[in-house]
Each structure stands twice: as structure tokens, then as C-alpha cells.
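# Coordinates in review
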Amino acid sequence: MVVHDVAENGGNEVAQNIDSIRVIPYPKRVFLIIGNKFCERWSFWGLNTILVLYLKNELGYTENVTTALYHGFLTTVYFMCIFGGLLSDVWWGKFKTILNLSIMYFVGFVIMSFSSASILNISPHVLSIVGLIVIAVCAGGVQPCLSAFGADQFKSPEQEPQIVRYFSLFYFAMSLGTVLTIIISPLLKENVQCFGHDDCFPLSFGVSAISMLISIVIFVSGKSSYTCKRSSSENTVIDVFLCIWNAFLTKFRDGHAKPCKNLLDYSIDKYGHQLVEDTRILLRIFALYVPLPFFWALYDQQTSRWILQASKMNGDIGFFVVLPDQVPLLPPLLLLVFIPLFDTAIYPLLSKIGIRRPLQRMVLGGLASALAFLCSALVQFQIDRSPEKTVTMLWLVPQYVSLTVAEVMLAITGYSFSYEQAPTNMKSVVQAIWLSTRAFGDLILIFITGATFFQSLAYEFLMLSVIMAVDMIVFTGLAYNYKSNSNLK
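Read on for a plain summary of the structure. (Residues numbered from 1 in each chain as written. Predicted model: local features only at pLDDT ≥ 70, side-chain atom pairs only at ≥ 80, totals over all residues. Heavy atoms only, no water.)

### Quick word on a nonpolar patch on the surface
Just so we agree on the cut-off: Nonpolar side chains (Val, Leu, Ile, Met, Phe, Trp, Tyr) within 5 Å and like charges within 9 Å form the patches, drawn only from residues with over 30% relative accessible area and no salt bridge. Note on areas: Shrake-Rupley with a 1.4 Å probe; residue coverage comes only from the protein chains shown. Any Lys or Arg side-chain nitrogen found within 4 Å of a carboxyl oxygen on Asp or Glu counts as a salt bridge. Secondary structure counts use DSSP, requiring at least four H or I residues in a row for a helix and at least two E residues in a row for a strand, with both numbered from the N terminus.
Side chains of Leu371, Leu374, Leu378, Phe447, Phe453, Phe454, Tyr459 and Leu462 sit close together on the surface and give an oily, nonpolar patch of about 750 Å² of accessible area. With 3 residues, the top contributor of residues to the nonpolar patch is helix H14 (residues 358-384). Counting through the fold element by element, Phe447 comes out in helix H16 (residues 427-450).

Encoded structure:
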């Protein structure tokens, strides 16, 4: 993974603190945070895995409307990362934000259970939308806070290498929770009958609610031992916007009398050199990330259009019959293998041929996602010219493997890169920017699904593959000109 890149930026300073690391005890309370994340991912993916089929089969929406609703849900989740960051940094602090939103998160799953059971005198369509909105707001709000709260439990810079390893473990726990719920949630839905239906969506949603309740209990159990950091930088999010706004106003008012070389220099007198420089870094990162939403527009189709693609294929692989909503199990399962494999073998090999920087890895990851959609186009061509449910689901493996490689090299690397490049007092802000690229990606996908470019999905998948390749060419140019944060610790 990207953890090796710490040595390229500030690695010497970290190395000088190795002796200090030996005498600073590892904060075991972070395992409560990791356990909380495991249960939260179980809850979220317990819903996410069966949501497309619930919207289509139970509520009767068309494929296009189902896809639009699903990605509208994901878009809301990742836009709400900004909301959670503001709650945490400006008002509540990380602990209170995580706790309050987690409680409402649990309520959202309870609402989904009742709506799918149709036992209340309320339209299940209306109740489901209400439940999804509550879950989206809370899931997004918690995300930028929880990982940063875990990092707060370490002493920086003395435990900087341990912080980086913590992020790897955090992502691994996310993947493990996702794997288990993708296996179990469809089985609960398919093999149990309830409320007069041949399946049991209320049970799957109910299990997600229970898992979310367990995550709250785990998190609260460490309350007395947590390190809760608050400082004068808690309002940095607001200060950044004010700094940018002040620069525009000052240039408009005094630009001719007192010209400055750069726009943000007009805010130095009012906000100081440090905030102005931090704002520059933030804007450089933001500009770098402009092409990345299109990656997420492709990535998130694995739980929507790729499931619908799988539903038209034969799931009998000889020793096991794969359900369409179990297909998304493959990426997180592969992640459990690929994360340590890339860290210990693939990245060292790539470094021998000069590919050792995070942005280089992210470019390769983007190209891997383009390859994934080329594979999905070829599979769709085969489905279109064959009788229904005769093409084996095994043909989906190459596209899922390619997209998982893309996730490791672009998504996970980007997650770590964002944390490393962020100014010390703006970690959560940059994490929120990184997560919001996914929200913009789902907006792009909603537009794509709303427009009919081709009669066959095969040509649409092919078009997306080509656009993604072009998108990575643009990102390569931005990455080449990107100025790294020289203050990185």
C-alpha cells in the first residue's frame, strides 16, 4: 500500500523517532474504534448489498429509476461527509458527532425494517425514502470523523509510522465487515419467508440495525480512555472559506494600490501566513482531485448495473449457485488478499521500475478501472447474443479483479495520500474533500443512467472505458505539475 511513501516525504524525521516509538505504549483503545467500524460497515453493506433488488423487486421501480435512486443515495452519503466534518470541527467535536449520528444511523435501519415489512399504515415507498435519507446523512457524517478520531489516539509525530499502519488496519476491518455481510445478508433475505412474502427483507435490515447498535456499544465502552483533541484550529473549515472570500474582496478593493503576486496573498495581513499557506495546499489538492469523480462513477456501478448484469447470467459454478446480490462479495474478498499482497510484493516490485510515488500508483489504478469496463463491455456483448441465463457468472471475475486492483492503487492510496498531504490542522477537511469526490462521481452516474446513449449496455460500458482512459491522461498532467506539501511530517 501507500504506507511505504512516508519515507519519501519526511521519512528521515520519522526515522529519528523510532526509539521514541518503543517507549510510547500502543493505544489499545483504537481497536474499539476499529471494531466500531467493522460493525458499521456490516450494517451499511447489509443494506447496500440488497438495496438495488429491494427497490426494483419489492417497490417496483424500473431499472433506470432504481439505478438513479441507488446512486442518489450514495451521492448523499458522500456529500454528507462535509456535513459531518463541519459538525465535528465547528460544533460537537469528533466523539459527540460520531455518537449522535450513530444513534440516528440505528434509527434509520429500524425505519427500513418497518417499511419493508409493510406493517404500518404508511406507504412503504415514502417510509423507505425517509429511512434511506436518515441513513445517508448519518453514514456520511460519521465517515470523516471516525478514522481521524482513531488517528488522534496516537502521539504525533513520535508514532507517525503506527498511524499509517492504523489506516491500513482500519481499511482491512472495513473490507472484512463488508465481506461477511455480503455473504449473510442475501442469504437471510432469500432463505427466510416473512410477512407473506417469499423473501425477508425486514430480517436483513433488522440485522443491520442490530449490528449498528453493537457498534454504538463498542464505541461508547471506551469513552473514559479516548483522547479527544480540541484546539483553536477546530474552526479551520470556516476560516478557509473566509480567507478565500477576503482575498477576492481585498483584491477588488485594494488590488490596484497594493498589488500582490498571488490572490491569497491579499489575506495574509488579516489571517496570517500559516492559514494562507494551508489554504494554498488545500486548493492544490482540490484541483488535483477534479478528474477523480469519474473513477467513482465507474466504481459504484459494481453494486448497481453490474448486479443487474449478473441477474441475467447463470450463477451455477458447479459446486455453488451464486446469487446476483452476492456478486459484490468478490471485491472486498479480493481486498483482504490484495492489501497485504500489494504492500509486501507488488509495490516493492513496481518501485524497482521507478513507480514508487502515490500519484503514479493512482494513475495505474485509474487505468485498471478502464480495463474493468472494457471487460464488462465484452461480457455484455456475450449476454446480448446468448439466450437468457446461459452465460456463466465466472466471466465477471476479470472485471471485478481489475476494479479491485483499481481500488487498491487509486482509492486506498488516495485515502492515505490525502491524510499525508493535508496540513496538520486540516486533516479532516482534506479527508472530506477526498470522500466528496465519490459524491460527485455518483452525480455523474445519475446523469449517465438518465440519458440513453446506446440501446445496448455493452456500448455504454465501452464508452465509459474510453472516457476513463482519457480522464487518467488529464490526471497524469495534473499530477506531474502537482507541488507536494513541503511541510509534510
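### Topic: the nonpolar core
Note the cut-off: Residues belong to one nonpolar core when they are buried, are Ala, Val, Leu, Ile, Met, Phe, Trp, Tyr or Cys, and are joined through side-chain atoms within 4.5 Å. The rule is simple: take the accessible area with a 1.4 Å probe, protein chains only, and divide by the maximum for that residue type; under 20% is buried, over 50% is exposed, in between is partly exposed. The contact definition used throughout considers only heavy atoms, calling two residues in contact when any of these lie within 4.5 Å.
In this structure, Leu47, Phe73 and Trp434 are the most contacted members of the largest nonpolar core, which totals 132 residues. In terms of residue count, helix H15 (residues 397-421) provides more of this core than any other element does, 12 residues in total. Sequence-distant contacts of Trp434, defined by excluding residues within four places in its chain, comprise Tyr289, Leu292, Trp296, Met362, Leu410, Ala411, Gly414, Tyr415 and Ser418.

### Digging into the packing of helix H4 (residues 63-92) against helix H6 (residues 124-151)
The cut-off we apply is this: Between N-to-C directions, angles cover 0 to 180 degrees, with each direction set by a line fitted to C-alpha atoms, over the stretch in contact for helices. Relative orientations are named as follows: roughly parallel for angles under 35 degrees, roughly antiparallel for angles over 145 degrees, roughly perpendicular for angles from 65 to 115 degrees, and oblique for any other angle. In a left-handed crossing the near helix is turned counterclockwise from the far helix by less than a right angle, and in a right-handed crossing that turn is clockwise. The classification used treats Ala, Val, Leu, Ile, Met, Phe, Trp, Tyr, Cys and Pro as nonpolar, Asp, Glu, Lys and Arg as charged, and all other residues, Gly among them, as polar.
The N-to-C vectors of H4 and H6 enclose an angle of 45 degrees; their axes lie 6 Å apart at closest approach. Accordingly, the angle class assigned to the pair H4 and H6 is oblique. Considering only the axes of H4 and H6, their crossing is right-handed. On H6, the residues that touch Leu69, Phe73, Thr76, Val77, Tyr78, Met80, Cys81, Phe83, Gly84, Gly85 and Ser88 of H4 are Ile129, Leu132, Ile135, Ala136, Val137, Ala139, Gly140, Gly141, Gln143, Pro144 and Cys145. Tallied by class, the residues present in the contact of H4 with H6 amount to 15 nonpolar, 7 polar and no charged.

### With respect to the packing of helix H5 (residues 94-117) against H6
Across the interface, H5 lies against H6 with an axial gap of 8 Å and an inter-helix angle of 155 degrees. Here H5 is positioned roughly antiparallel relative to H6, judged by the angle of their axes. Judged by the sense of rotation from one axis to the other, the crossing of H5 with H6 is left-handed. Classifying every residue of the contact of H5 with H6 gives 22 nonpolar, 7 polar and 1 charged.

### Looking at the side chain of Gln380
Within the secondary structure, Gln380 sits in helix H14. Residue Gln380 is classed as buried on the basis of its relative accessible area of 5%. In this structure, Gln380 is in contact with Gln309, Leu457, Ala458 and Phe461, ignoring residues within four places of it in sequence.

Interpretation note: all reported values are geometric properties and have no functional meaning in isolation.
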